[in-house]
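Architecture and fold: a report
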Amino acid sequence: MKISTRGRYALRFMIDLAQHNQDTFIPLKDISERQAISIKYLEQITSLLSKYGLLQSVRGPQGGYKLAREASEYTVGEILRITEGNLSPVTCLEPNAATCERRGFCSTVKLWEGLQKTINDYFDGITLDQLIVKQAALDYSI
């Protein structure tokens, strides 16, 4: 499994919002400059995150973005599922996948299910506020 640029940039964007949260809307230009991500790419990401209710936004000169909830209420898993679609390591475990004719006697399905559980448990066990604290300590052994 490989996390795309969109997923990685969405995490950086959300962490930036959490780090600079002073209950004001943060202009996309500011985040773009701090994170070295183009405004056009961030617009695509914010559109997706807004659609799923993760962000609040205001247009205009005093506009920008802020988190819709507390940083502790967002998990890495939630953000990555929105931006990546799903975190399944193999096609047969994806949501709404056609039932594999070999599922009943597949010698590897339990392996992939275990990996998927490990991935989900790991990403769902990390919140934005934990990433901020860990970044400050430069220790990612969560």
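Look up: the structure comes first, before these words.
Everything numeric in this text was worked out from a predicted model, so none of it was measured.

1. Focus on the nonpolar core
Phe13, Met14, Leu49 and Leu67 are the most contacted members of the largest nonpolar core, which has 33 residues in total. Looking at this core, the elements that each hand over two or more residues are α1 (5-19), α2 (28-35), α3 (39-51), β2 (64-67), α4 (76-84), α5 (109-124) and α6 (128-137). Counting residues per element, this core draws most heavily on α1, which supplies eight residues. Once residues lying within four places of it in the same chain are set aside, the contact partners of Met14 are Leu49, Leu54, Leu55, Leu67, Tyr74, Ile79 and Leu128.

2. Digging into the packing of α4 against α5
The N-to-C vectors of α4 and α5 enclose an angle of 115°; their axes lie 6 Å apart at closest approach. Contacts between α4 and α5 involve Val76, Gly77, Glu78, Leu80 and Arg81 from the former and Asn120, Phe123 and Asp124 from the latter. Split by residue class, the contact of α4 with α5 holds three nonpolar, two polar and three charged.

3. Describing the pairing of β2
Sheet topology places strand β1 (residues 55-58) next to β2; four bridges connect them, and they run antiparallel. Among the inter-strand pairings, Gln56 is bridged to a residue of β2, identified as Lys66. The hairpin formed by β1 and β2 contains five residues between the paired strands, and Gly60 there has a positive phi angle of roughly 105°.

4. Overview of unusual backbone geometry
Positive phi is not limited to glycine here, since Asp23 has a value of about 60°. For Asp23, the position within the fold is in the loop between α1 and α2. Its identity is not glycine, yet Ala36 carries a phi of approximately 55°, on the positive side. Tracing the chain through its elements places Ala36 in the loop between α2 and α3.

5. What about the packing of aromatic side chains?
Each aromatic ring pair is specified by the distance between its two centres and by the angle formed by the two planes. Under the counting rule described, the total for this entry stands at three aromatic pairs. Relative to Tyr41, the ring of Tyr9 lies with its centre 5.4 Å away and its plane at 65°, an arrangement referred to as edge-to-face. Here the residue Tyr9 occupies a position in helix α1, and Tyr41 occupies one in helix α3, the gap between them amounting to 32 residues. The exposure class assigned to Tyr41 is partly exposed, which follows from its relative accessible area of 24%. Judged by centre distance (6.2 Å) and plane angle (80°), the ring pair of Phe13 and Tyr65 falls under edge-to-face. Of the two residues, Phe13 sits in helix α1 while Tyr65 sits in strand β2, which places them 52 residues apart along the sequence. Here the guanidinium or amino end of Lys66 rests over the ring plane of Phe25, the centre of that ring lying 4.7 Å away. The aromatic ring of Tyr74 is capped on one face by Arg69, whose charged end is 4.1 Å from the ring centroid.

Criteria and thresholds
- Numbering of residues starts from 1 in every chain and runs along the sequence as written.
- Two thresholds apply to this predicted model, a pLDDT of at least 70 for residue-level local features and 80 or more for giving and counting side-chain atom pairs, whereas whole-chain, interface and lining totals are computed over all residues.
- To obtain the side-chain values, all non-hydrogen atoms of the structure were used and water was disregarded.
- In plain words, nonpolar cores are sets of buried Ala, Val, Leu, Ile, Met, Phe, Trp, Tyr and Cys residues tied together by side-chain atoms within 4.5 Å.
- Any residue under 20% of the maximum accessible area for its type is buried, any over 50% is exposed, and the rest in between are partly exposed; the area is computed with a 1.4 Å probe on protein chains only.
- Strands are runs of DSSP state E lasting at least two residues, helices are runs of H or I lasting at least four, and both sets are numbered from the N terminus onward.
- Whether two residues are in contact is decided by their heavy atoms: any pair within 4.5 Å suffices.
- Every axis in this analysis is a line fitted to C-alpha atoms, fitted for helices over the stretch in contact. Angles between the N-to-C directions lie between 0 and 180 degrees.
- Only Asp, Glu, Lys and Arg are considered charged in this grouping, and only Ala, Val, Leu, Ile, Met, Phe, Trp, Tyr, Cys and Pro are considered nonpolar; every other residue, Gly among them, is considered polar.
- Strand pairing follows a simple DSSP-based rule, namely that at least 2 bridges must link the two strands.
- Think of it this way: a Phe, Tyr or Trp ring, Trp meaning its six-membered ring, pairs with another when their centres are within 6.5 Å, and the plane angle makes it stacked under 30 degrees, edge-to-face over 60, tilted otherwise.
- For a lysine, the NZ atom is tested; for an arginine, the CZ atom; a charge sits over a ring if that atom is within 6 Å of the ring centre and within 35 degrees of the ring normal.

All quantities given are derived from atomic positions and should not be read as evidence of function.
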